[in-house]
Amino acid sequence: GLVDSAGVCWMGGDRASSNNGYLDIISEPKVKRIGPLLVGGAGQSCVIQDVLEADWPEPPSKLCDPHHWLVREVAPWFRKRLRDEGWMLPLEDGLPSCRTSFVLTWRQRIWRIGGDGGFLPISARYYVDGPAQAEGVMWTLERDTSIFSPSAKLNTALEAAAHFADGVRPPFDIINDAPVA
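Residues numbered from 1 in each chain as written. Predicted model: local features only at pLDDT ≥ 70, side-chain atom pairs only at ≥ 80, totals over all residues. Heavy atoms only, no water.

Overview of the pairing of strand E4 (residues 22-25)
- Direction of pairing for strand E3 (residues 16-19) relative to E4: antiparallel, over a ladder of four bridges. Across the sheet, Asn19 pairs through a bridge with Tyr22, a residue of E4.
- Adjacent in sequence and paired antiparallel, E3 and E4 are bridged by two residues, among which Asn20 carries a positive phi angle near 50°. (Pairing = 2+ DSSP bridges. Helix = DSSP H or I, 4+ residues; strand = E, 2+ residues; numbered from the N terminus.)

A word on the side chain of Asp50
- Inspection of the secondary structure puts Asp50 in helix H1 (residues 45-53).
- Among the polar contacts listed, one links the side chain of Asp50 to the side chain of Trp87, at a separation of 3.2 Å.
- Residue contacts for Asp50: discarding those within four places in its chain leaves Arg81, Glu85 and Trp87. (Polar contact = N/O pair within 3.5 Å; in protein donor to acceptor, adjacent residues only side chain to side chain. Contact = heavy atoms within 4.5 Å.)

Describing helix H3 (residues 132-142)
- Of all the residues in H3, the buried ones are Ala134, Val137, Met138, Leu141 and Glu142. Axial view of H3: buried residues confined to an arc of 125°, hence all on one face.
- As for H3, its buried residues are in contact with strand E1 (2-3) and helix H4 (150-164). (Buried < 20%, exposed > 50% of the residue type's maximum accessible area, 1.4 Å probe, protein only. Arc of directions from axis to C-beta.)

Observations regarding the side chain of Lys30
- Relative to the helices and strands, Lys30 is located in the loop between E4 and strand E5 (31-34).
- Of the polar contacts made by the side chain of Lys30, one reaches the side chain of Asp14; its length is 3.1 Å.
- Within the local environment of Lys30, its side chain forms a polar contact with the backbone oxygen of Ala16, the two atoms lying 2.6 Å apart.
- Dropping the residues within four chain positions of it, Lys30 is found in contact with Asp14, Arg15, Ala16, Val39, Gly40, Gly41, Ser45, Ile48, Gln49 and Leu52.

Quick look at helix H2 (residues 66-84)
- The terminal C-alpha atoms of H2 lie 25 Å apart, and with 19 residues this matches the ideal 27 Å at 1.5 Å per residue to within 8%.
- Val74 marks where H2 bends most, by close to 40°; the proline Pro76 follows one to four residues later.
- Buried residues of H2: Pro66, Trp69, Leu70, Val74, Ala75, Trp77, Phe78 and Leu82, and no others.
- Turning to H2, the residues buried within the fold contact strand E6 (37-42), H1, strand E9 (101-106), strand E10 (109-113) and strand E11 (119-122).
- Positive backbone phi, approximately 80°, marks Gly86, located one or two places after H2. (Expected span 1.5 Å × (residues − 1). Bend = angle between axes of the 7 residues up to and from the residue.)

A closer look at the sheet that holds E1
- Ordered in space as E1-E2-E12, the three strands form an open sheet in which the pairing is antiparallel. The open sheet has two edge strands, E1 and strand E12 (173-176), and neither has a second partner.
- Here strand E2 (residues 9-13) pairs with E12 via four bridges, running antiparallel. Its bridge partner being in E12, Met11 is matched across the sheet by Ile175.

The following block contains the structure:
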């Protein structure tokens with residue numbers, strides 16, 4: 001996820017799905033616009049698609065604090081969805097997790113949703129939930145905003161991740177929340 005200098009939120013994702021040493025390219029994007037939200041997932045593709053296709057809680061009016069709504073409305077819905085669909089499993093430490101995480105952008109802010117359903121507000125203007133190579137590229141590109149557009153930054157980070165990480169492959173999907181003319 002990325003919030004550009006104009007306040008537009010951007011999200012990028014790949015189409016790889018790996019399991020037990022196999023790597024496939026999935027037909028559906030791992031990023032989606034859901035109302036005013038941009039949501040992207042990393043981890044189990046079946047969990048990502050289930051969550052992206054679900055009926056999310058309706059966002060409140062513009063007067064509501066986004067973090068308050070996410071914690072009070074979306075987090076309980078999200079955890080219940082993962083439990084009801086059988087995606088939450090106890091890990092070695094006994095705590096439930098789905099081994100999949102999500103990034104959400106809304107109103108010029110970014111949140112990470114962990115595999116336990118916990119919401120973490122991100123203070124930076126970008127967040128990478130994936131290979132460190134992609135995070136390094138985003139960190140570098142964010143230092144000079146005049147060279148690359150937001151979509152070029154995300155695409156370059158995804159290309160770096162695909163080059164160095166086994167579980168990242170094109171095609172890449174890049175979306176934003178700019179108003180549609």
